[in-house]
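Examination of the molecular architecture
Spelled out, the chains give:
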Amino acid sequence: MARESLRLRAQQSVSARTMVVVAAIVAAICFGFSTPAWRVLAWMVPVVLMAQINSVLSARALAVLDSADAAALSQQQTDHWWITVANQALMGTTVWWIGYGTSGGIATFATVLQLIYLGGALVNASTHPSTFIAGAWINLAFAAVFWLTQGGTNGLHLALALFGVGRVVAASSRQTAQAFRDSLQIRFENADLMRRLGEEKQVAEEANAAKSRFLAAASHDLRQPLHALLVFSSLLHRHETPQTAQLIAHIRDAAGSLDKLFSGLLDLSKLETGSIVPQMQALNIAAMVRDLAREFEPRCAAKGVTIEVEGDAQAWVLSDAFLLERILRNLVDNAVKYTNDGGVMVSVFARESVVELQVRDTGIGIAHEAQARVFEEYFQVGNPSRDPGQGSGLGLAIVRRLATLLGLEMGMHSNPGQGTTFTLTLPQAPIFESTGVGALSAPAEPVLTMAVDVWLVEDHALVRMATTQALESWGCKVTQWEGMPPDAAIEAATAAPHALIADYRLAGDATGLQVAQRLRSRWPALPVAIITGDPGINLHEVERLGNIAMWQKPVLPSLLIKWLADLGEQVPEREARASAH
């Protein structure tokens, strides 16, 4: 408290120097018309010098104030008390220097000048009442004595008036000091509150970041056996019997549910930490909706419901293709999931400057009391037992956060037993010629026409074994490595492999991209597929290397065999070019 009081008084003393000097010079000029010049100068020069001395001493005090200990603060308080008393005593002589032996008007004017200075001191020094009050009484005492001895019949009244002024300014000083203490206490409390809030915010951010790192690591580690499970189930599917068909289908469904749960948790983690940055571009959302509807047609047919698209054939919006497709997929998936009769209608209409998209269903609807909670994590309508077959409860939570990230307006209307409508309003974009951006469905499993020579790099033994068995069952020749292939093996190879399939994160600090870069130093045109459960992939490095397929574990075997089949068709052409060179 003492430190802040000293700071305020010192700052005001420094800033008031110019004003005091100018006021003293102006007053001296005015007094010079009726008071001898030597007396005016005898008053003005000490006032100006004292203002300069006060300013210099205050500036020095400010320079060391923050580092001053209790003893130094006490000494500064004493020094300031003497400076204030000296200032007020000097100003108290004003009426004697200027008013003595002159008319009553000049003496009155000089007294008013003393009171004005006293008022300025009230603002400056009243945060320390003992300093201000001592100086104020000295100032007023000089003036009161003057009026008692030189004021004639009105002198007593003026002296009493000055005494009353002293009582008033003393009381004001105490009130100002109390207000100053209260404001400082509030300021310190607010500063302490902000400090604690900052610390709690930092703790929360660190916990959030730690959670995200944990989810990323857990996602990578858990996706490894999940990927192996899907590969093994695909091998069983090739040799299934009527007795095992349903069991294999259940295994694949369980693996798919786990994959959706991991993906949802990871997406929420990324959204919370702000690590997703939208890549805005012009998109034909009508084409995207038609592609998505075609993908969901088999599922709807299996449930005996319909899915239709209505509206404009061309509707261009400015958004992120991947994130917008994720929003639409979650909304349509939700609509199909909760619709057992009727169907799902997706409409796209271009307005003046926006595109309005609706996903309507004739499903079970949402109770009014539950509508405020449907965007919460893990909340599900009509699933109190948490049946994993009905999803994880993260779909709409992701939709809401992605819509906020993309700056989309989203609305919902639902009546129990009548269905639900979700509405998205998107900004229009300039129309460009394009085939449109849509959802990609998993391709049917083709058949390899030749033995594709594959180098497989995977540090997880179970995944490596499962992938090797799957590739060999498709007719591939597999050379497998746990990590970076040795230089001797690379140089000893008489022919380039047809493809490299590698996990992204390998043992130690190695990555599949580093393996790709090393092999391409020998075979520049080598096709590469990176299969990973790690979300922290260096996409800039992927773009730099080029011609790399990227898949997130678990990968449907049909996607992998489709990629290999496409490569198999290109092998004769590449070998012909190589022999020509």
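Presented here is an overview of the structure given in this document. Treat the numbers as computed from the prediction; the structure is a model and nothing was measured. Think of each chain on its own: its residues are numbered from 1, step by step along the sequence as written. This being a predicted model, a pLDDT of at least 70 is required before a residue's local features are given, and a value of 80 or more before pairs of side-chain atoms are given or counted; all residues contribute to the totals for chains, interfaces and linings. The side-chain values count all of the structure's non-hydrogen atoms but skip hydrogen atoms and water molecules.

1. Side note on the packing of aromatic side chains
Within 6.5 Å between ring centres, the rings of Phe, Tyr and Trp (the latter by its six-membered ring) count as paired, and their orientation is classed by plane angle as stacked under 30 degrees, edge-to-face over 60, tilted in between. In the structure shown here, the tally under the stated rule is six aromatic pairs. Centroid distance Trp-137 to Phe-163: 5.6 Å. Interplanar angle 40°. Geometry classified as tilted. Here Trp-137, found in helix 6 (residues 129–150), pairs with Phe-163, found in helix 7 (residues 155–238); they are 26 residues apart in sequence, far enough to count as distant. Using a relative accessible area of 45% as the deciding quantity, one classes Phe-163 as partly exposed. Centroid distance Trp-455 to Trp-523: 5.6 Å. Interplanar angle 85°. Geometry classified as edge-to-face. Highlighted residues: Trp-455 in strand 8 (residues 453–457) and Trp-523 in the loop between helix 14 (512–522) and strand 11 (528–532), separated in sequence by 68 residues. Note on accessibility: Trp-455 and Trp-523 belong to one class, buried. Aromatic ring contacts, followed pair by pair, group Trp-96, Phe-146 and Trp-147 into a single cluster. Comment: elements are numbered from the N terminus, with helices defined as DSSP H or I runs of at least four residues and strands as E runs of at least two. Relative accessible area decides the class of each residue, using a 1.4 Å probe on protein chains only: under 20% of the type maximum gives buried, over 50% gives exposed, and in between gives partly exposed.

2. Describing the sheet that holds strand 12 (residues 548–552)
Strand pairing is assigned whenever DSSP detects at least two bridges linking the two strands. Judged by pairing direction, the sheet is parallel, and its five strands sit side by side in the order 9-8-10-11-12 without closing on themselves. Each edge of the sheet is formed by a strand with only one pairing partner; in this case those strands are strand 9 (477–481) and strand 12. Each neighbouring strand pair of the sheet contributes to a mean axis angle of 20°, computed without reference to strand direction. Sheet topology places strand 11 next to strand 12; five bridges connect them, and they run parallel. Residue pairing in the sheet places Ala-529 in a bridge with Ala-549 of strand 12. Contacts are assigned to residue pairs with any non-hydrogen atoms lying within 4.5 Å of each other. A fitted line through C-alpha atoms represents every axis, and for helices the fit uses only the stretch in contact; the resulting angles, taken between N-to-C directions, go from 0 to 180 degrees. Each of strand 8, strand 9 and strand 10 (499–503) is contacted by helix 12 (residues 461–473), which is oriented at about 165° to strand 9, the strand it contacts most. Packed on one face of the sheet, helix 14 meets strand 8, strand 10, strand 11 and strand 12 and runs near 155° to strand 10.

3. Concerning a nonpolar patch on the surface
The grouping of Leu-41, Val-45, Leu-49, Ile-53 and Leu-57 at the surface amounts to a nonpolar patch, some 430 Å² of accessible area in total. Checked against the element boundaries, Leu-41 lands in helix 2 (residues 37–65). Surface patches are defined over residues having more than 30% relative accessible area and no salt bridge, joining like charges when they lie within 9 Å and nonpolar side chains (Val, Leu, Ile, Met, Phe, Trp, Tyr) when within 5 Å. For accessible areas, the Shrake-Rupley method is used with a probe of radius 1.4 Å. Any residue's cover is judged against the shown protein chains and nothing else. Criterion for a salt bridge: a side-chain nitrogen of Lys or Arg within 4 Å of a carboxyl oxygen of Asp or Glu.

4. As for helix 12
For helix 12, which comprises 13 residues, the first-to-last C-alpha distance of 18 Å matches the rise-based estimate of 18 Å (1.5 Å per residue) to within 8%. Residues Val-463, Arg-464, Ala-466, Thr-467, Thr-468, Ala-470 and Leu-471 constitute the buried set of helix 12. Phi turns positive one or two residues past the end of helix 12, at Gly-475, with a value near 95°. How far a helix is expected to stretch is found by multiplying one less than its residue total by 1.5 Å.

5. Observations concerning the pattern of salt bridges
Side chains that differ in charge, positive against negative, can pair when their charged atoms come close. In the structure shown here, the tally under the stated rule is 13 salt bridges. The salt bridge involving Glu-295 is made with Arg-329; its shortest N-O contact spans 2.6 Å. With a gap of 34 residues between them, Glu-295 in helix 9 (residues 285–303) and Arg-329 in helix 10 (residues 321–337) connect regions that are remote in the sequence. Residues Asp-333 and Lys-337 are paired through a salt bridge, measuring 3.9 Å at the closest nitrogen-oxygen approach. With a gap of four residues between them, Asp-333 and Lys-337 both fall in helix 10, about one helical turn apart. A relative accessible area of 17% means that Asp-333 is categorised as buried. If you follow the salt bridges from partner to partner, you end up with Asp-192, Arg-195, Arg-196 and Glu-199 in one network.

6. Observations regarding helix 14
Of the positions making up helix 14, those classed as buried are Gly-512, Leu-513, Val-515, Ala-516, Leu-519 and Arg-520. Down the axis of helix 14, the buried side of the element spans an arc of 155°, and every buried residue falls inside it. Working definition: the arc comes from the directions between the helix axis and the C-beta atoms, pointing outward to the latter.

7. Quick word on the pairing of strand 3 (residues 316–320)
With four of five residues buried, strand 3 is to be regarded as a mostly interior element. In terms of strand pairing, strand 1 (residues 280–284) meets strand 3 through five bridges, oriented antiparallel. Paired with Ala-282 across the two strands is Leu-318, which belongs to strand 3.

8. Notes on the packing of helix 2 against helix 3 (residues 70–92)
At a closest axis distance of 11 Å, the pairing of helix 2 and helix 3 adopts a crossing angle of 165°. Classified by the angle between their axes, helix 2 and helix 3 sit roughly antiparallel to one another. Note that helix 2 runs across helix 3; the crossing there is left-handed. Counted together, Pro-46, Val-47, Met-50, Asn-54, Leu-57, Ser-58, Ala-61, Val-64 and Leu-65 of helix 2 and Leu-73, Gln-76, His-80, Ile-83, Ala-86, Asn-87, Leu-90 and Met-91 of helix 3 form the full contact between these two elements. Split into classes, the residues belonging to the contact of helix 2 with helix 3 amount to twelve nonpolar, five polar and no charged. Here is the rule for angles: anything less than 35 degrees is roughly parallel, anything more than 145 is roughly antiparallel, 65 through 115 is roughly perpendicular, and the remaining ranges are oblique. By definition, turning the near helix anticlockwise from the far helix through less than a right angle yields a left-handed crossing, and turning it clockwise yields a right-handed one. Amino acids outside the nonpolar list (Ala, Val, Leu, Ile, Met, Phe, Trp, Tyr, Cys, Pro) and the charged list (Asp, Glu, Lys, Arg) are all regarded as polar, and Gly is one of them.

9. Examining the side chain of Gln-88
Here Gln-88 is to be found in helix 3. In terms of polar contacts, Gln-88 uses its side chain to reach the side chain of Asn-139, at 2.7 Å. Leaving out residues up to four positions away in the same chain, Gln-88 has contacts with Tyr-117, Leu-118, Ala-121, Gly-135, Ala-136 and Asn-139. Identification of polar contacts relies on pairs of N or O atoms within 3.5 Å, with a donor-acceptor requirement for protein atoms, meaning one able to donate a hydrogen and the other able to accept it, and with residues adjacent in sequence counted only if both atoms are side-chain atoms.

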